[in-house]
Amino acid sequence: MLSMSLLLPALPEIVLACSCMALLMVGVFRGNNVTRSLSWVAVFSLLLVGFILSSIQTGRMTAFGGQFVVDDFAHFMKWLVIIGASLAIIMSINFNEQEGIARFEYPVLILFAALGMFMMVSANDLISLYIGLELQSLALYVVAAFRRDSLKSSEAGLKYFVLGALSSGMLLYGCSLIYGFSGTTSFEGLATLFKGLGGAEPGVGLVVGLVFLIAGLAFKVSAVPFHMWTPDVYEGAPTPVTAFFAVAPKVAAIALFMRVLMGPFGSLIAEWQQVIVLISIASMVLGALAAIRQDNIKRLLAYSSIGHVGYALIGLAAGTEAGVRGILVYMTIYLAMNVGTFCCVLAMRRTGRMVEGITDLAGLARNQPMLALAMAIFMFSMAGIPPLAGFFGKLYIFLAAVEAGLYTLAIIGVLASVVGAYYYLRIIKIMYFEDPAEIFDRTIPREVKIILVGTALFVTFFIIRPGVVVEGAASAARMLLTG
Amino acid sequence: MIIQAISFYLFGFVAVAAAVMVISARNPVHSVLFLILTFFNAAGLFVLIGAEFIAMILVVVYVGAVAVLFLFVVMMLDISFAEMRQGFLQYLPIGGLVGIVLLAELLMIGSSWIIAPATEDLRSFPAPPIEQITNTHAIGMILYTDYIYLFQGAGMVLLVAMVGAIVLTLRARPGVRKQKISEQINRHPEDAIEIKKIQPGSGI
């Protein structure tokens, strides 16, 4: 009984790990013809994990000698991961069948990636941080190259793998420096140590370690200057995988970013704030400027996601509870917008083949007015135009920055989002005011339609009941900071 | 005591000599075999200082897996090592210089190395006395209790690596004939043999 209660905080992870392995066994014995039902079982087990997660949630608990922590923050982030992973599996079912890559490993690998993200979000030790990150990344490398007969997909997988391994190396180097100069890997130990410094300069070794750690994490959220892999990987990977990449790993990596910097390194804010400010500005500016010249919709969304990460990092640079709350709200809205947009991209199919050019959207409003309307809603929201949800995400972030006195950062953010609005609005202009291109196949699967409508409604009507998300985010942020 | 000293010098000498042979042997296969010899001698040195677990791991992992993998690569890839070694003498001066600089740096760092006096007490898992408990036992006690989470997590990482390798490379090849013993045993004579009654002199 005693041992059971010790494991209780990690019950969702244990259930998820067991269902990964069970699904893998079923798949190995039954072959690829059970892929469809296996995918639905995977979605079901994710929801089951979510249910367990919500039912055992009581304040802050640690397990495994303090290497693992659950709190409201982890709870909030894990729900985002569950939603992102479930939607990625559902979106892929018909797509993979049409593309001839319906293999049972896909849902299993997505589940493994989700498990890694769970471990990242709950990490309370430098080693568990690394193990979670590696589990997630390894599964993602494989799904990026999932269409293995396509040159682009293999290239995406290989590029992601090589650069990801490099970033893991940097992260590990940073961790080892931090461990070497502090003597502990536990977040609590580090927090006590840094509080004990009482504002004195930490050793230069610790600061170098911290910078390497930030570099490794910045790679995982694809912030400038570690963004080079993003456009190629987004373009090459199968579209549902790209949708997954754009949401879940970023949510988990941003969560880890906040957990590490606001937790153990919270009292060293003077050391890391300028690094985050720099990364944030560079990401916003590059995201806004580089996207203008893109004509492939997936590449454009890649640059757009780099920009969005830049905005989210503003909240981190603020280093306050309001900033964390802003990030959580931003990531929730970002997830809905991106999943919806990728559902629209999935519908871009002509005579059975995917098309990805922005000009292929020309005149969509006349051919498929509903699809064009949904796309327009997402584009307006990403540009941050009120009253859509994207506006509120940016609002909370900029508010936090202003409250923390980071006026320059907030102003650059607003300017970058004005520049960014250009390419979002350009897509709307192409859809509504240009001569129609050839019509798309009307073969949007029902479940993708449901996701599309659901996310569009969320983005449109967020203004009516923002409380649900914002209050959850606020209590999560409070718990992250007070511990 | 004297046996220990003799074995130390024996292991040490063979290890260094084998290491020199690794880089000077003409045949790459011989190089790998000398590498294995080096590993074995290093394992012997570990046994001498009482770290028998690391010694066994060295043999199992490095000899059993890594060196054999090297051997496979050397034998399967047709690399002309003689060509690669051309210019060895040409680059020797600069390479040697870099080596000497590195050695000097290491010596400088090593000689000024100080371990803080309180370090011993700070350890979260102090090593138990070697008379009471073996290495393997001590590592197991930490690995399967305090670090079980990380141990299992690492296990999941390896599982994903294996699944990934299979997903990306395994292809069902058509036209490959496999022996299925159960099918062979379950065959009946009626399925396989057709008996024809042939009239004498008429042929089939």
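Residues numbered from 1 in each chain as written. Chains lettered and ligands numbered in written order. Predicted model: local features only at pLDDT ≥ 70, side-chain atom pairs only at ≥ 80, totals over all residues. Heavy atoms only, no water.

## Quick notes on the pattern of salt bridges
Residue and element names in this part refer to chain A.
- This model, assessed by the stated rule, comprises 18 salt bridges over all chains.
- Across the pair Asp-232 and Lys-159 runs a salt bridge, and its minimum N-O distance is 2.7 Å. Of the two residues, Asp-232 is situated in helix 10 (residues 229-236) and Lys-159 in helix 7 (residues 151-182); the sequence distance between them amounts to 73 residues.
- Classification of Asp-232 by relative accessible area gives partly exposed; the value is 22%.
- One salt bridge in this structure joins Glu-356 and Lys-298, with 3.2 Å as the shortest N-O distance. Taken together, the residues Glu-356 in the loop between strand 4 (353-354) and helix 15 (364-367) and Lys-298 in helix 13 (residues 297-318) connect sequence positions 58 residues apart. Like Lys-298, Glu-356 is buried.
- Three or more residues joined by partner-sharing salt bridges are found here, namely Lys-152, Glu-155, Lys-159, Asp-232, Glu-235 and Arg-299. (Salt bridge = Lys/Arg side-chain N within 4 Å of Asp/Glu carboxyl O. Helix = DSSP H or I, 4+ residues; strand = E, 2+ residues; numbered from the N terminus. Buried < 20%, exposed > 50% of the residue type's maximum accessible area, 1.4 Å probe, protein only.)

## Looking at helix 2 (residues 28-48) of chain B
All names here are of chain B.
- The end-to-end C-alpha separation of helix 2 is 31 Å, in line with the 30 Å expected for 21 residues at 1.5 Å each.
- Pro-28, Ser-31, Val-32, Leu-35, Ile-36, Thr-38, Phe-39, Asn-41, Ala-43 and Gly-44 are the residues of helix 2 that are buried.
- Phi turns positive one or two residues past the end of helix 2, at Gly-50, with a value near 85°. (Expected span 1.5 Å × (residues − 1).)

## Structural notes on the packing of aromatic side chains
Residue and element names in this part refer to chain A.
- In this structure the tally under the stated criterion is 20 aromatic pairs over all chains.
- Ring geometry for Tyr-106 against Phe-146: centres 5.5 Å apart, planes inclined by 65°, an arrangement best described as edge-to-face. Highlighted residues: Tyr-106 in helix 5 (residues 105-121) and Phe-146 in the loop between helix 6 (126-144) and helix 7, separated in sequence by 40 residues.
- Since its relative accessible area comes to 2%, Tyr-106 is described here as buried.
- For Phe-146, a relative accessible area of 2% puts it in the buried group.
- Each ring, one from Tyr-423 and one from Tyr-424, has its centre 4.5 Å from the other, and the planes form 50°; the classification is tilted.
- For Tyr-423, a relative accessible area of 2% puts it in the buried group.
- The class of Tyr-424 is buried, set by a relative accessible area of 4%.
- The rings of Tyr-141, Tyr-160, Phe-161, Phe-219, Trp-229 and Phe-245 are connected pair by pair, giving a single aromatic cluster. (Phe/Tyr/Trp six-rings, centres within 6.5 Å; stacked < 30°, edge-to-face > 60°.)

## Here we look at empty space enclosed by the protein
All names here are of chain A.
- Applying the stated criterion to the full structure yields four cavities of 30 Å³ or more.
- Looking at the largest cavity, its volume works out to about 110 Å³.
- In this structure, the largest cavity is lined by Met-91, Asn-94, Phe-95, Gln-98, Leu-346, Ala-347, Arg-349, Asp-441, Thr-443, Ile-444, Pro-445 and Val-448.
- Of all the elements, helix 4 (residues 72-99) adds the most residues to the lining of the largest cavity, at four residues.
- Among the residues making up the lining of the largest cavity, the classes are represented as seven nonpolar, three polar and two charged.
- There is about 70 Å³ of room inside the second largest cavity. (1 Å grid on protein atoms, 1.4 Å probe; cavity = no way out; pocket = protein on both sides within 12 Å on 5 of 7 lines; lining within 4 Å. Points joined across faces, edges and corners; volume = space filled by probe spheres on them. Nonpolar A, V, L, I, M, F, W, Y, C, P; charged D, E, K, R; others polar.)

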